[in-house]
Every structure is written in structure tokens, then in C-alpha cells.
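Each chain is listed here by its residues.
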Amino acid sequence: MNRFAELLDRLAYESSRNNKLRMMTDYFRRVEDPERGYALAAMTGALSFTHAKPGVVRALIAERTDPVLFDMSYDYVGDLSETVALMWPTPQRAHQDRRNAAPPTLSEVVHALEQAGKTDIPRLLADWLDDLDETGRWALLKLITGSLRIGVSARLAKTAVAALGDLQPNEIEEVWHGLEPPYIDLFAWVEGREPKPDARDPAPFRTPMLSHALEETDFRNLEPEDFVAEWKWDGIRVQAVTGVDATGRRVQRLYSRTGEDISNSFPDLVEAFSGEAFGELTIDGELLILRDGLVEPFSILQQRLNRKTVSTKLMTQYPAHIRAYDLLAENGEDLRPLTFVERRERLEKLVSRLAHDRLDLSPRVTFADWEALAAARRDPASAGAGADAEAIEGVMLKRRDSIYVPGRPKGLWYKWKRDPYNVDAVLMYAQRGHGKRSSFYSDFTFGVWRGEELVPVGKAYFGFTDQELLQLDKYVRNHTRNRFGPVREMDFSRDEGLVLEIAFEGLNRSTRHKSGVAMRFPRVSRIRWDKPAREADEIGALEALLKVTA
Amino acid sequence: MSLSDLLTLTPAGLYCPEADVHIDPVRPVPRALITHGHSDHARAGHGAVMATPQTLAIMALRYGEDFCTTRQPADYGEIVRVGSIDVSFHPAGHVLGSAQIRLKSSKICAVVSGDYKCARDPTCAPFELQRCDAFVTEATFGLPVFRHPDAAHEVARLMESCRLFPDRAHLVGAYSLGKAQRVMKLLREAGWDRPIWIHGAMEKITDFYQQQGVDLGEIRKVTAADRPKLAGDVIVCPPGQLTDLWSRKFPDPVAAFASGWMRVRARARQRGVELPLVVSDHVDWDDLCASVVATGASEIWVTHGAEDAIVHWCRMRGLDAQPLHMIGYGDEDVENMAAGEANE
Ligand SMILES: [Zn+2]
Ligand SMILES: [Zn+2]
């Protein structure tokens, strides 16, 4: 546990992604099985301890410390786990050798908690806290109360494992869903000691291909005939995967673009794709709500997001649908090496063969030249989108000959958003509002990336519904890293943070702001719960706009 | 007889009327006893100053030879009669030359701790506990969350980071007098055999330590031309330099900071520290409580920062404890933190 605690401690202070990777890879290289496997599980969120609640921790510390001293300390430190970790009285402390028992390993902790009943927890925990040092106690308490926030995503942890061998993170991703802690077979494969673990997962996630924002100047170098255009839908990007497991049972999964399994939120779709005819497929598409054949706005789709349980009423009221735009695999064949046009042909055949009312094809937008495409983008209703125009946020351009490359390759796919004054920013600071909003965090400072760092570019107070305000307020309270008087600093990094889509009226140069730009009338146009912080926009996107509008 | 008959508080600080001396006064006074060379305790401009020979030498280094009118060196343990009071200086284990000051009248014996620590420090004489009737103790880290680990463990973490990032320079922010030399000495004890680089601001005081027999091995002053070349090296600098332009010329620097404040995460993050090293030259909570009890004192005065918790703790044990809200020390700490000098 001590080595893991030391790793977490250092990760928590490190801001550079590259240095985090080096720390983790070094840890995985030097620590043996199964300890490192449980560490990987902890960092990828594969561990959860239901019985260990903050209340248990509070009760334990209350038995051991003077309440006045505890309150003074908690006040100063500002975090329960940390206060307890630092204050915990260790038995017979002597300066040199203060511990008599060996501290627990992470594996011991995981095994013991798996078997423990609710009533065993306090005693187990107290023994461990006695034997660990301050950093060990902090890590243990953060881990078991589920509040481990160290700025490391599951993706980053897997990337660190891949670096142990000469593998790409996507190769780990493809076998990941078939693996379980402590991942002995994974490490054996990565270190070249054993063959690749059987990708037992019958419905694996495949890292999606992403696009670049189109700049006005790009047109000079792009030929219209090299590209196919589609609408950019205002839903959420998903991957629908079907397959058959070793026992012959059919499996269906729905993944978000980051590989999160969101099947539980959409049992209607999972059910719809369960038929024999669906075989083994990986479909890349947009999740939308369709009623009477028409696409509902994003605000309607939001009713179905982030739900643990879904009522039948909700499913009938807001039926989920997939509008497909790519096909990555079909019945054992990996289609990613094919060109976009070839894959599109296979997709069209598939969709028409299945003829399912929950699945349709994202139509192509025909255009002769860039002017025609610009016109379609301005007015999708007259360019074939009809009544669905409201659910369109721009056009996508995909090179005809582009193979499917995981990640964000240059020069293949572009997005051209409808509203030029839109930016995806990360929430950095929050402050309470005024008047009737004074009890909520409703003033939000957001920033965009400049290299590895976020620079604040503006402040927004409007644009969200009362319902969304409650969610934002809750988010702020649960993700505070620091407090400066009335201002809360959020936990943001490349791997953590909330993305806000900000709409604004214009942009000015500013010497007052660190970013060099000032927005006019910024407002939150949408909360992007689905978007990872690292995919928020770069300052370059705003600077380019500055040139255009100047 | 109570402590207030022996010591009083004046605007300049603690004062003993029977000896007509101030202890660590914050303004110029005719006669001063100085516990140690840190700038919030040892100021220039007094008339007669009595302190240990090392403290007097450190004051001369910092303020120039004319920092006071007359100096009187006091060796550890030597008893000097001042007025009707027997005054003696005893090792405080804080920095080189640091002392607790013992004041004995015919009726009461009091000890003023100055800054002190009980933990091991190879760069100065170890703390020697004095039994007394009344104890004036510092409580810089007077909260139960402050328990300092073995400093060698923290230095091992620094060396581990040097192993992991051999391409990065490791900048260690450390207060120039005492903390810096302790970190260097601990590095040597742990087997660090490369030259240790220091910022020019700590050169004089580090030389002084070496002259006093504290062997720190090869110490080199960093010049502008050296900075880009120090990948994999340890550079010790005043804490304020960590975030200064100065630090950016080093190869991908790791900002480490050696301070007891680093125990609390929010505090470390606030300073942008990437490798907090919990190394303190003050007593931690456990040693503070233990020392208070071991002196046998029945009256406790508390200075320096977090007084409330230890006063509460003493009163729960039936000891007569008072916070001494002295201006000039607690404030100094905060200012120095802000200015980057974690003056402990
Ligand atoms: Zn001091
Ligand atoms: Zn002091």
C-alpha cells in the first residue's frame, strides 16, 4: 500500500501528462503482481467498496481524538480523509521505529474488503490505519470512500501499462473488457512473457476516430471532390457493439466516445439490437431521440443521460435511436483498414438489410463546391435536412480515402460547426451568485488549453436551466480542489474536469486577461457531461477567430 | 510566584525587568538576549546583545559587523548573572547555534524555548530538555495534523525522484539558514555523491556551516550558464525562487519544497509545489505535547502561530496555559510565506 500511496501522492501534485505517465509506468515496472494489478484497477475505477462510507471514518476518529482539536484541524485542512490521515494517533510512536506491524498491501486491503461484512469494516480499517503512515492512510481513505481524485483517467493508466511493452494504448483497450483485476495475464502479455490474452470480450470498445475543427484557411488546400459531407448531429456520439460470447449468448453494448459502457441507460436500444440478424457489429453513430420520425433537440436527449435506472415511461416518451455513420467491424471482419467510401457502402447495405426502426443512416450532404456546402451549413432545412435542421450543428467532412484511424489524425476528417462563435471550455472556478441564486454556485469561470495548461477566457452566468443549475452546483461542490475565499477552484486537468459549450457574441483583444482575449456576452449553451476535458478547445481556436472578426 | 512576575510583554516583545533584558525583541532595545539567528528573532540595531557564539557570528554575517553596540558570547550551559537573574543558554536543536534561554531568580525558574525541535539534525547540537517551573514554548506547528516524518525518509523521496527523472533538475526550496544545510547533510548521509548546487543567496551561510565543521561535501554556486545543464542534479534555493523566472532556465524543473507546511496538501498546492518534502526545524505536535509535560512546568505560555490547540490541550491536563499573542513573529511567518520565504 505504501508504494501505491506514494505514487498517488506524486500524481496528485503533477500536472504534466507525460510525467504522470512516466511515474505510472515506473510503478508498474517495479511493483510485482498482483499488487500492481490492483493499483491499475483502483486507477481505472474497477474497484468499489460499498460498505466503507465517510460516516464510518468519522466515527473512528471521534473515538480517538478530542472533538475540539478535531474541529480545529478539520477547519485548517479542509478535507475529511486528509484530516483523519494526519491526526490518526499511532500506537506508541517513537521517533525512529514507530510501527510494529507491517503495513497492509493493497492486495490485502482489496481481498479483506471483498469478504468483509458491514460490521467488520471499522475494526479492519482501524488496524490498517494504525499500521500505515500519513500518506498511506490518506490513500487508503481516499480509495475506499471513492473520492480518489488524482487527475488520472482510466485511459491514461492503460497508456502507462502499454508503455511497459511497445504497445499502443488501443491494443490494451481492445482486450480490456475481457480482463479482470489483478490483470496478471495483461502484464504477462505486455512484458512479452505470454501471448496476448484471449480477447474474451465479445463486444469490445474500439477507440473512435475524431475530427479537427475546420479553419477558413483550410479550404485553399482541400479539394471538394476528395470529400464526402454529412450533417453533424447534435446528439451524443456512441459505439453500438454486438457479439456472441463463449457460451453462445448474444451480447450488446453501447459505449460513449470515451469507452464508458452506457448500456444501462439505454436498455431499449440494447434490446433492439439483440436479434440474431445483428450478428457481430461495431457501429459508429449518433445517439438521438426520435419521435414521429423527427429528431428531438439535445435538451430532450438530456432527459435520458446520466441515469442509473430508466423507467418504461421514460423509454416510451423518449425513444432512443442510432443514426449510423460508420461501420468498424462486421461478423469477425475488421473494416477499419478499408476506405471511408468502402465502409460506407457496407454500412448502407447493412442498414437496409436490417431495416430496424431504431437504426438509420446519416444521410450524405451533396455539394458541388465549397460555396454550396457553406450554403447547406447555413441553412440545412433547404439542403435536405427538412424539419431535422434544428438538431444539426454543422457539417462533417470526411476524406473519401480515409481509413479508420483511432484518435485524431490530421487531414482526414473535419467538423465545420454552424455557429462560429462557439467554444468548448473547461470549468475552472465557480462562485456563488446573487439574489435568489445566492445559495448556488452560478458564476462560472472557464478556460481553454494553451499547451498543457488551461487559461481562463471568460465568465458565464446564464444559459442554463434551473434544473441544470442544480446539477452544476452539485458538480462544483463535489469537485472542489481549492477554496480562495468565496471562489472554488475545480479539479481540472487533461483527464478531469467539466466541459461547457460556451456561446458568445464576439471577441475582443484584451491586455487585462492572461489569455489575451475577452468574450462578449458569453453564456453556457450546453453542459458537455460526455466530453473529456482534454478535448476542450485550444486557445488557437479563439485566436484564429480574433483574426477573422478583427 | 507566577511567570508574570518574572516576564512581561512590552511592544518590543518579552521583557525580564529583574535582568533588564528583552528576549528576541522585534524592535531595537538597549539589552537583548537572542535565541537564534533567524531574522524574526535576531534583528539588527540593539545595544548589548548576548547570544551563543554561532548566533552572534550569523548575525554579523547577515547584518554586518556593526549589527549591535556590544556583543557577549554565551556558551551552552554557562551561567551568567544579569541583575538578580541567572541566565543560561541551552541547545534548542533548531539551527546551528540555536538556544533555549533559561532565567532563574530566587523564586522561579523559567525557560524560553525560542524555536526548537527534538528530531535528529546532524547540523546542530541536539535539543536538551530543561526542567523548569514555567515554559514559554513556540507552537508554529501547534495542530495535531502536524506530525513530521523522519527527515531521512523525505530525502529518500527526493532521491527516488532524481532516479525516476534523471533528465529533470530538482529544485529544493529551503530556508537559507538551517533548513538548506540540513537537507544537504541528509543527502550526503543518504549517499548522494554528486556536487550539490546552491543559489547564490545561501552561499555565505553555507560556507559558515562548513567552517563550523558541518561537512557538506562539494557545494557549487549556480551561475546563469550552469542552469540549462543541471539535469539530474539537486539545486537548493530559497523557497521564493521556485516560482521565480530564475527557475525556468533549468531543464524541466521539479519544484520541491522542504517545509513542515508541506504536510497539508492544500498548502503545498497553493504554492505550486510538485514534490512536497515534509522537513521541519520545529517541534511537531507530538513532540510539543511531550516536551511541555517533560519540563515539569506548571505554567505554559505559547507563542508563534497556532496557540489555541496547544492551550486547549494543556488546560485539559490541568496546566495553566496562556496564548501570548505577540506581534512580529506569527505575522512574520505569514508575510514570509507570501514572499516565498517560509521562515520557520
Ligand atoms: Zn527559527
Ligand atoms: Zn521563529
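Here, the structure is the one placed above.
These figures come from a predicted structure and were not determined experimentally.

### Quick notes on the nonpolar core
Residue and element names in this part refer to chain A. Formed by 117 residues in total, the largest nonpolar core has its most connected members in Met24, Phe28 and Leu186. Those residues in contact with methionine 24 that lie beyond four places of it in its chain are Leu7, Leu11, Met43, Val152, Leu156, Ala157 and Ala160. Of all hydrophobic cores here, the second largest spans 38 residues; its members include Leu500, Ile502, Val517 and Ala536.

### Some points on the coordination of the zinc ion (ligand 1)
Each pair of donors in an ideal octahedron of six around a metal sits at 90 or 180 degrees, and each pair in an ideal tetrahedron of four sits at 109.5 degrees. Residues and elements named next belong to chain B. Distances from the zinc ion (ligand 1) to its protein donors, His36 (NE2), His38 (ND1), His94 (NE2) and Asp115 (OD), fall within 2.1 to 2.2 Å. Angles of 90 to 163° at the metal separate the four donor atoms of the zinc ion (ligand 1), which places the site in the irregular class. Counting gaps between the donor residues of the zinc ion (ligand 1) yields the pattern H-x1-H-x55-H-x20-D. Distance-wise, the zinc ion (ligand 2) is placed 3.7 Å from the zinc ion (ligand 1), both being coordinated by aspartate 115.

### A short note on the interface of chain A and chain B
Tallying the contact residues gives 35 residues for chain A and 42 residues for chain B. Each partner contributes to the roughly 3400 Å² buried at the junction of chain A and chain B, and carbon and sulfur atoms together form 47% of this total. Area buried by chain A at its contact with chain B is led by Arg10(A), Tyr13(A) and Tyr76(A), which between them contribute 23% of it. Linking chain A with chain B are seven salt bridges, by the criterion used here. Close ionic contact of Glu134(A) with Arg263(B) constitutes a salt bridge, the shortest N to O distance being 3.9 Å. Seen at the junction of chain A and chain B, the total is 13 residue pairs in polar contact (both at pLDDT 80 or more). Of all elements in the fold, only helix H1 (2–13), helix H2 (17–30), helix H5 (67–77), helix H6 (80–87), helix H9 (134–144) and strand S16 (480–484) of chain A reach the threshold of two or more residues within the side of chain A that touches chain B.

### Re the coordination of the zinc ion (ligand 2)
All names here are of chain B. At 2.1 to 2.7 Å from the zinc ion (ligand 2) lie its protein donor atoms, namely His41 (NE2), Asp115 (OD), Asp115 (OD) and His304 (NE2). In this structure, the zinc ion (ligand 2) is surrounded by four donor atoms whose angles at the metal cover 53 to 132°, and the resulting shape is irregular. The sequence pattern formed by the donor residues of the zinc ion (ligand 2) is H-x73-D-x188-H.

Rules of the game
- Residues numbered from 1 in each chain as written.
- Chains lettered and ligands numbered in written order.
- Predicted model: local features only at pLDDT ≥ 70, side-chain atom pairs only at ≥ 80, totals over all residues.
- Heavy atoms only, no water.
- Core = buried A, V, L, I, M, F, W, Y, C linked by side-chain atoms within 4.5 Å.
- Buried < 20%, exposed > 50% of the residue type's maximum accessible area, 1.4 Å probe, protein only.
- Contact = heavy atoms within 4.5 Å.
- Donors = N, O, S within 2.8 Å, 3.2 Å for Na, K, Ca; no water.
- Tetrahedral: all angles 85-135°; square planar, octahedral: opposite > 155°, others 65-115°.
- Buried area = accessible area lost by both parts, 1.4 Å probe.
- Salt bridge = Lys/Arg side-chain N within 4 Å of Asp/Glu carboxyl O.
- Polar contact = N/O pair within 3.5 Å; in protein donor to acceptor, adjacent residues only side chain to side chain.
- Helix = DSSP H or I, 4+ residues; strand = E, 2+ residues; numbered from the N terminus.

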